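# Architecture at a glance
Single-letter residue listing:
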Amino acid sequence: CGFQLRGSYQIPAQLAQVSLEAPARSEIASRLRDEFDRYDIQVVARGQDITHIELLEDSLDRRVLSLLISGQVAEYELIYTVPVRVHTANGDIQLQDIQVLRDYQEDPNFALAKTRELELLVNEMRSDAVHRIMLLLTQLTWE
Amino acid sequence: QEPPIGLAAQCIAPPDWYSSDYSAADIAPALSLAVPALSIQADHAEVLWQQQTSYSGNVTLNYQQQSLRTERAIYDQQTGRFEASGGIVYQDPQVAARGESVITDTLADTAELNQLDYYLRGTAARGSADRLFIAANEDSARQLSFQQASFTTCPGNTPVWEIRARQIQMNEDEGWGSARGAQIRLFDVPVVYIPRFSFPVTDERKSGLLYPTVRSSGRNGIEIEVPYYFNLAPNYDATIAPRLMTERGVMGVGEVRYLDTEQAGQVNLEYLHNDSSRQDNSARYFWRLEHEAQLNQNWSTYIDASQVSDVNYINDFGSAFVNRADSHLYRRGQANYVNARWQAQVQVEDFQLLGPYQNPFRTIPRLNTQYATETPRRQGWVFDWDSELTRFERQDGSPEQATRIHGEPGITYMMRRPGWEWSAESRLLMTHYEQELLEGDLLTRRSITRTLPEFRLHGQLNLERPFEFAGTQGIQTLQPQAQFLYTPYRDQREIGVFDSVPLQDDYNGLFRKRRFSGLDRIADAHQVTLGATSSLFNQSAEELLRLSLGQIFYFSDSQTQLFDDSTQVEDNTSELAAELDFRISSRWFFNSSVQYDNQLNTMQKSRSALEYRKDENNLIQLNFRQLRGLTGTETDVEQVGALGAWQVSPQWSVAGHWYRDLRNSATLDANFGVQYESCCWAVRVSAYRRIDRNFEGIQAGLPLSPAEFDTGISLQFVIAGLSADRSGLAGMLQQGIFGYRRPFYLSH
Amino acid sequence: DASRDFQQPISIEADDQELDIQANRVIVRNNVIIRQGSLLITADRLEVVSDGDVSQGEGEVFIATGSPATYQQEVEDGMLVEASASEIRYDASTRILVLQGNAQMLQSGNQVSANRITYYVDEQRVTAERDQDSEERVRTIFQPRQNGGSNQGN
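Rules used throughout
- Residues numbered from 1 in each chain as written.
- Chains lettered and ligands numbered in written order.
- Predicted model: local features only at pLDDT ≥ 70, side-chain atom pairs only at ≥ 80, totals over all residues.
- Heavy atoms only, no water.
- Helix = DSSP H or I, 4+ residues; strand = E, 2+ residues; numbered from the N terminus.
- Buried < 20%, exposed > 50% of the residue type's maximum accessible area, 1.4 Å probe, protein only.
- Contact = heavy atoms within 4.5 Å.
- Areas by Shrake-Rupley, 256 points an atom, 1.4 Å probe, with all protein chains shown as cover.
- Salt bridge = Lys/Arg side-chain N within 4 Å of Asp/Glu carboxyl O.
- Pairing = 2+ DSSP bridges.
- Polar contact = N/O pair within 3.5 Å; in protein donor to acceptor, adjacent residues only side chain to side chain.
- Buried area = accessible area lost by both parts, 1.4 Å probe.
- Axes fitted to C-alpha atoms, helices over the stretch in contact; angles between N-to-C directions.
- Parallel < 35°, antiparallel > 145°, perpendicular 65-115°, else oblique.
- Left-handed = near helix turned anticlockwise from the far one by under 90°.
- Expected span 1.5 Å × (residues − 1).
- Phe/Tyr/Trp six-rings, centres within 6.5 Å; stacked < 30°, edge-to-face > 60°.
- Lys NZ or Arg CZ within 6 Å of the ring centre and 35° of its normal.
- pLDDT = per-residue confidence, 0-100.
- Core = buried A, V, L, I, M, F, W, Y, C linked by side-chain atoms within 4.5 Å.
- Patch = residues over 30% accessible without salt bridge, like charges linked within 9 Å, V, L, I, M, F, W, Y side chains within 5 Å.
- Lys, Arg positive; Asp, Glu negative; His and termini not counted.
- Charge placed at Lys NZ, Arg CZ, Asp CG, Glu CD.

### Observations regarding the overall build of chain C
Along the backbone of chain C there are two helices and 10 strands. Written out in order from the N terminus, the α and β elements of chain C read α-β-β-β-β-β-β-β-β-β-β-α. Residue burial in chain C is summarised as follows: out of 154 residues, 46% are buried. Excluding contacts between residues fewer than 6 apart, the proportion of contacts in chain C whose partners are at least 24 apart in sequence is 35%. Total accessible area on chain C stands at roughly 7500 Å², and carbon and sulfur atoms take up 46% of it.

Structure representation (structure tokens):
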């Protein structure tokens, strides 16, 4: 049916070398560095006509998705957002909010266990966000 | 999001005498003088060296970004004072004024104008005053103080609203102004007298407390909230906003914020001495402390604690920090340690329940560490070690408590290539409990050790092919995944349940190693998970569609259970989980996710949403949610919802949402609002119906009766026009339980 | 101060000189320098007109022109007044200086410039006007910090 294995990582030339700026000790930044490593993308110091990626402070929001007739929450939605500002080599600057959504069911009788589930989901959402950032970078530097 | 050009443009209408060609830059650089130079021009000048110089005829003064125009003036070199009378026009970067006379003291950098009309540049704010005193404070930001002044942002001679005050003060770099002895006049009729209040002058919005607002609601009656802002120091401010509620009384609301390089924090307090709507007239309060500090390169600390006086507080008064429907307040204090390979965290966690729920365990303390070697680029070994030491304690003073120590070394071999990747992982989970739990009413002490291995094999292919659809060229990707998981069975029924609960098995859950959260239940597993994700990308590499599909095939039952066998797994496949995200066009979006049980042919869980989105202020969305057996209970959820916002014209906009519970055929939350926004004021009228739950005095564990509803009309009057942007609509969408977002702290 | 200068003898130097006795006029040309105590005028051309006896120095009027002609005098101890204009007319008897043609006066950092400036030396008073026909207005520039601060003196 025409599918074949992806030959190379098909990274646009502009992404061969990038510079990365992020808040100190940012978990998502270290995961993004691993992902760059995986795609043979070299992280170098910021310089002339080198694509510069700025990760801003990531944040987690929560919103109610569905309620029970008693007024108790049935499902929450977690909204993980990491704003990314990309300075492409030809000088234009794009700021985009990478957003990953997850819903999870509320269980008011197990507050501590639900907190652990929330931490687990945030961990998974960060990996998802890293893939989304890669998609954004390829899209912005696509010739 | 650009404000609607029409409305903002006509609102900011500077007065006729205002000339925008003000430029103060013409003197100093030309003379490149170190000391700020004062340049005065006129048709005629008479200079007495070292004494006075008198000017007449079209006199203009320029000094430190201040410029003045008048007919007659005198400058005294000794005192550095420039006095002009007989009509002056004054301009500086912040304010433009036309007045009777002015005295500028070039040494003290002050200016005093009399009998003036003024206009704040770049905003719609203007007014008149008997006297305006301008002084530059230490960091040369100008401080304006008006005496016997009026202030409005409405165009026209009889402004819709106007503030008249004995004194109004504004600081150039502070987003707030404050008025003393103020009187608010509507259509030139004095309406309310307020001794002191503050109002935003520029558009740096402070979250939460904004303008003096007037609201009405069924439960609290008419509400008037008047914020008063204290800028105590550059990095330290406080806001007090008494909140008058006709049904309940006057509540004091206060917030203190501080921000330094190493630490930042915020303290909030809301206190109502006696709530007249309650028989016992009891006091109602909410306090909250949030503090974050960076001790050094590796250590940081964080505290987030809050408390309410009673379980209905948030439901009755709402909060900027807690959603009305939340079931508990999560409180914690923690210290984080991070370095290249090590991460550690010590924390204390506690809950305040906002309903009749089972009393949770608190962790006093919880210490966990994570260590992992560098992930190799192409292939190689990764060694990691997670460990945790936690002491649990019941919150309701019951004697139940437990100490758990857990170590989890893991070794993984992985290989990665552009077209495929696989990894083999094996871990050893060693856990020891010293627990004292009530069995019946007998406190039994147990010491339990559980050790079990875990093996996981995961592989993935990355396939691609060009695709062509309706004239657009693009690429389709297909990523099939397979995972084999084996964990032997251990009887864990004697271990207490402290932080474990069944995890949701949607598409993301298929490839997880664990069926339960936390560590108290490590489910046995002998299964293979198969799944695939396919995406369509157009030529500019934008993802138009993403479809994921997956299912788990069980080779044997999973006998680990939480409390009873309902959490065991007996059938030979999991539900089929699928997720679809489809960008139909630049404005139409559809997404859906389903979990289908192909043994029972039933839809266990499904959600879908169709959205038309022009921009943040113009969108319509229809959504549907259906869920069978919420968190292992028998309750089902079937809910349909619609939300929308539409900017009908620069002035008129409508917004609303409506959520209906199909199973109990009841409207859970609905709001329909119309907003009229003119230059200087906006009014929002909305009809609402929202859940009004009352959990006070209900025993834990009993089934909850259906909640009552609070329906009514809410009117909100907002002073606007102080800033260029118009955020009205987004605010309307956020109201109501479903719109509200509660921000969480991410430690690193 | 300024008045002391006027008891001093006036000395005039120039490359060449022309005497016109009948009209009681002396014309001096090419890097003309006039000195009287701390007063110093430089110009390209100087015309000295006197209604009395030129050599006795009664009632003389000095008309110095140059591009520009310059004037300098010590007003108080250390306080120098400098000026320049295309024509400087100095009347020794009334002790009034008239500067004409993009005239400028500078005094301890403060500056006056206009089309026409009149300087009453005895009263230390200066008036400046804008000519009807010319666009150029009177401009004065002061340095408040320096003035206000430094000269407690006089």
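Now that the structure is up, let's keep going.
### Details of the pattern of salt bridges
Applying the stated criterion across every chain, the model contains 70 salt bridges over all chains. Between B:Glu393 and B:Arg391 there is a salt bridge, and its shortest N-O distance comes to 3.3 Å. Here B:Glu393 falls in the partly exposed class, since its relative accessible area comes to 23%. Owing to a relative accessible area of 27%, B:Arg391 belongs among the partly exposed residues under this scheme. A salt bridge links C:Arg95 to C:Asp122, with the shortest nitrogen-to-oxygen separation between them at 3.0 Å. Taken as a pair, C:Arg95 in the loop between strand E6 (79-91) and strand E7 (96-107) and C:Asp122 in the loop between strand E8 (110-120) and strand E9 (125-129) lie far apart in primary sequence, 27 residues in all.

### A short note on the pairing of strand E24 (residues 361-372) of chain B
All names here are of chain B. Inspection of the sheet shows strand E23 (residues 342-353) paired to E24 by seven bridges, in the antiparallel sense. Bridging from a neighbouring strand, Gln-345 pairs with Asn-368 of E24. The sheet contact formed by E24 and strand E25 (residues 379-394) spans 10 bridges and is antiparallel. In the strand pairing of E25, Thr-369 is matched with Ser-387. Remark: six residues form the turn of the hairpin made by E24 and E25, two consecutive strands paired antiparallel.

### What to know about the interface of chain B and chain A
Many structure descriptions define interface size as the accessible area lost when the parts assemble. Opposite the 90 residues of chain B that make contact, chain A presents 66 residues. Seen at the junction of chain B and chain A, the total is 12 salt bridges. With its nearest N and O atoms 3.2 Å apart, the salt bridge here joins A:Asp103 to B:Lys605. Linking chain B to chain A there are 25 residue pairs in polar contact (both at pLDDT 80 or more). Of the pairings in the sheet, the one linking strand E1 (residues 4-5) of chain A to strand E29 (residues 463-469) of chain B comprises two bridges and is antiparallel in character. Residue pairing for E29(B): A:Gln4 is matched across the bridge by B:Glu464.

### Quick word on the interface of chain C and chain B
Taken together, the 30 residues of chain C in the interface contact 32 residues of chain B. Where chain C abuts chain B, roughly 2700 Å² becomes buried across the two surfaces, and 50% of that area is made up of carbon and sulfur atoms. Along the contact surface separating chain C from chain B lie two salt bridges. The salt bridge partner of B:Asp43 is C:Arg130, with a shortest N-O separation of 3.1 Å. The tally of links from chain C across to chain B stands at 12 residue pairs in polar contact (both at pLDDT 80 or more).

### Regarding the packing of helix H1 (residues 27-38) of chain A against helix H2 (residues 111-140) of chain A
Residues and elements named next belong to chain A. Orientation of H1 relative to H2, taken along the N-to-C sense of each, is 55°, at an axis distance of 10 Å. With respect to H2, the element H1 is oriented oblique. Crossing angle aside, the handedness with which H1 passes H2 is right-handed. The residues of H2 that touch H1, namely those facing Glu-27, Ile-28, Arg-31, Leu-32, Glu-35 and Phe-36, are Asn-123, Arg-126, Ser-127, Ala-129, Val-130, His-131, Ile-133, Met-134 and Leu-137.

### Observations concerning H2(A)
Between its terminal C-alpha atoms H2(A) stretches 42 Å, which fits the 44 Å expected from 30 residues at 1.5 Å a residue. Counting buried positions over the 30 residues of H2(A) gives 21, a clear majority of the element.

### Points about H1(A)
All names here are of chain A. If you check H1, its first and last C-alpha atoms are 17 Å apart, about what 12 residues at 1.5 Å a residue would give, namely 16 Å. Listing the buried residues of H1 in full gives Glu-27, Ile-28, Ala-29, Arg-31, Leu-32, Glu-35, Phe-36 and Arg-38. Where H1 ends, the next residue or the one after it, Asp-40, has phi of about 55°, a positive value.

### Here we look at the packing of aromatic side chains
Residue and element names in this part refer to chain B. Using the criterion set out here, one finds 25 aromatic pairs over all chains in the structure. Centre to centre, the rings of Phe-361 and Phe-498 are 4.9 Å apart; their planes meet at 70°, and the pair counts as edge-to-face. Of this pair, Phe-361 sits in strand E24 while Phe-498 sits in the loop between strand E30 (472-487) and helix H4 (507-510), and the two are 137 residues apart along the sequence. Across this residue pair, the class does not change: Phe-361 and Phe-498 are buried. Every member of this aromatic cluster is reached through a ring pair, and the members are Phe-286, Tyr-313, Phe-317 and Phe-321. The side chain of Arg-689 reaches across the aromatic face of Phe-709, ending 3.8 Å from its centre.

### Quick look at the arrangement of the chains
Pairwise contact counts over the two pairs of chains in contact peak for chains A and B. A minimum C-alpha distance of 45 Å separates chain A and chain C, which share no contact.

### Quick look at the confidence of the model for chain B
Residues and elements named next belong to chain B. Taken residue by residue, chain B gives an average pLDDT of 85. The fraction at 70 or more is 89%. Here residues 24-31 is modelled with pLDDT under 50, and outside its nearest four sequence neighbours on either side it reaches 10 contacts, counting other chains as well. Overall, residues 205-209 carries pLDDT values under 50, and its contacts beyond four positions in sequence, including any with other chains, amount to 16 contacts.

### Points about the nonpolar core
In this structure, B:Leu113, B:Phe151, C:Met105 and C:Tyr119 are the most contacted members of the largest nonpolar core, which totals 83 residues. Counting residues in each nonpolar core, the second largest holds 46 residues, with A:Leu60, A:Leu78, A:Tyr104 and A:Met125 among its members.

### Side note on a negative patch on the surface
The grouping of B:Asp557, B:Asp564, B:Asp565, B:Glu570 and B:Asp571 at the surface amounts to a negative patch. Turning to its location among the elements, B:Asp565 is positioned in the loop between strand E32 (543-554) and strand E33 (576-583).

### As for the pairing of strand E7 (residues 93-105) of chain A
All names here are of chain A. Across 13 bridges, strand E6 (residues 73-87) lies against E7 in antiparallel orientation. Residue pairing across strands places Glu-77 opposite Asp-103, the latter belonging to E7. The antiparallel pairing of E6 with E7 creates a hairpin that spans five residues between the two strands, and Gly-91 there sits at a positive phi of about 100°.

### Some remarks on unusual backbone geometry
In this chain, B:Ile364 is followed by B:Pro365 through a cis amide linkage whose omega measures -5°. Residue position: B:Pro365 is located in strand E24. Between C:Ser67 and the following residue, C:Pro68, the backbone shows a cis peptide bond with an omega angle of -15°. As for its placement among the helices and strands, C:Pro68 is situated in strand E5 (residues 60-76). In the Ramachandran plot, B:Asn58 falls in the positive-phi region, its phi being about 55° despite a non-glycine side chain. With respect to the secondary-structure elements, B:Asn58 resides in strand E3 (residues 52-63). Residue classification places B:Asn58 among the partly exposed positions, given a relative accessible area of 38%.

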